[in-house]
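The primary structure of each chain is shown beneath.
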Amino acid sequence: MGNLQTETKKAIKSDKYQTRVLIGTALIILGVIFMIIALNQPKVSNDGVDSSVNSSVSDNAAGSSDKTTVTESNSTTDKTAVSVSFPINLNSCTAEDLMAIDNVGETRANAIIAYREYLGGYTSVEQLKNISGIGDSVYALIEPYVTV
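Residues numbered from 1 in each chain as written. Predicted model: local features only at pLDDT ≥ 70, side-chain atom pairs only at ≥ 80, totals over all residues. Heavy atoms only, no water.

Right, let's get into the overall build of the protein. Looking only at helices and strands, one finds four helices and five strands in the protein. Taken across its 148 residues, the protein has 19% of its residues classed as buried. Looking at the protein alone, contacts between residues at least 24 apart form 29% of all its contacts between residues at least 6 apart. (Helix = DSSP H or I, 4+ residues; strand = E, 2+ residues; numbered from the N terminus. Buried < 20%, exposed > 50% of the residue type's maximum accessible area, 1.4 Å probe, protein only. Contact = heavy atoms within 4.5 Å.)

Taken as a whole and judged by the stated rule, the model has three aromatic pairs. Between the aromatic rings of Y115 and Y118, the centroid separation amounts to 6.0 Å while the plane-to-plane angle is 25°, which identifies the pairing as stacked. Pair noted here: Y115 and Y118 are both in helix 3 (residues 106-119), with a separation of three residues, about one helical turn. With 6.1 Å between their ring centres and 50° between their planes, Y115 and Y122 make a pair best called tilted. Exposure remark for Y122: the relative accessible area of 4% places this residue in the buried category. Here a set of aromatic residues connected by ring pairs shows up, and it is made of Y115, Y118 and Y122. (Phe/Tyr/Trp six-rings, centres within 6.5 Å; stacked < 30°, edge-to-face > 60°.)

For the rest of this paragraph, the subject is the nonpolar core. Grouped together as the largest cluster of nonpolar side chains are 23 residues, with contacts concentrated most on L90, L98, I112 and L128. At the level of secondary structure, the elements contributing two or more residues to this core comprise strand 3 (81-86), helix 2 (95-99), helix 3 and helix 4 (136-142). The element best represented in this core is helix 3, accounting for four residues. In this structure L98 touches I88, L90, C93, V104, A109, I112 and I113, once residues within four positions along its chain are discounted. (Core = buried A, V, L, I, M, F, W, Y, C linked by side-chain atoms within 4.5 Å.)

Below, the discussion takes up the environment of K129. Residue placement: K129 occurs in the loop between helix 3 and helix 4. Separated by eleven residues in sequence, K129 and A140 place their C-alpha atoms 9.8 Å apart. K129 has contacts with I134, D136 and Y139, leaving out every residue within four places of it along the chain.

Along the chain, R116 falls in helix 3. Once residues lying within four places of it in the same chain are set aside, the contact partners of R116 are L90, N91, S92, C93, G121 and Y122.

What follows is about the confidence of the model for the protein. The pLDDT averaged across the protein works out to 76; a share of 71% of its residues lies at or above 70. Ranking the helices and strands of the protein by mean pLDDT puts helix 3 first, with 93, and strand 1 (residues 51-59) last, with 38. Note that residues 46-67 has pLDDT below 50 and, in this model, 32 contacts with residues that lie over four places away or in other chains. Counted against residues more than four places away or in other chains, residues 72-80, with its pLDDT under 50, gives 16 contacts. (pLDDT = per-residue confidence, 0-100.)

Taking 1.5 Å of rise per residue, the 14 residues of helix 3 would be expected to cover 20 Å, and the 20 Å separating its terminal C-alpha atoms lies within 8% of that figure. The elements touched by buried residues of helix 3 are helix 2. Trailing helix 3 by a residue or two, G120 shows a phi angle of about 85°, which is positive. (Expected span 1.5 Å × (residues − 1).)

Our next topic: the environment of I131. When you line up the elements, I131 lands in the loop between helix 3 and helix 4. Placed 20 residues apart in sequence, I131 and A111 show a C-alpha to C-alpha distance of 7.1 Å. Excluding its chain neighbours within four sequence positions, the residues that come into contact with I131 are A111, I112, Y115 and Y122.

The omega torsion of the bond from F86 to P87 falls at 0°, within 30 degrees of zero and hence cis. By the secondary structure assignment, P87 is in the loop between strand 3 and strand 4 (88-89).

See below:
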């Protein structure tokens, strides 16, 4: 009978050991999964960059339309300065020109240019509505700043 109790105690110890090994392995696997997910997330950083935007409005000689010039400069590096005159021609602008417009980030600017290349050039500003992510509300915000 004593031998049976000893074997039972050993079996219980073995089961506890196996359980702990399984739990430890599961935790390691979960840690690796979380690490992979965390490393695949887009980088977001705010390096304390202070950008200033100066706007000046100058009238056209004919007085028929307003042109706005926006100059952006990064005060920490002062290497990049973008000067944009509105309205921007959709058929000749760069992504940086488009990003000077509020509500147009890098992704949307790249989509606008990619669609321009697909079309072979815009024939109407309203074609922006055909781009995924630009609906009526976003179009209404962008439309005054662009032309064809």
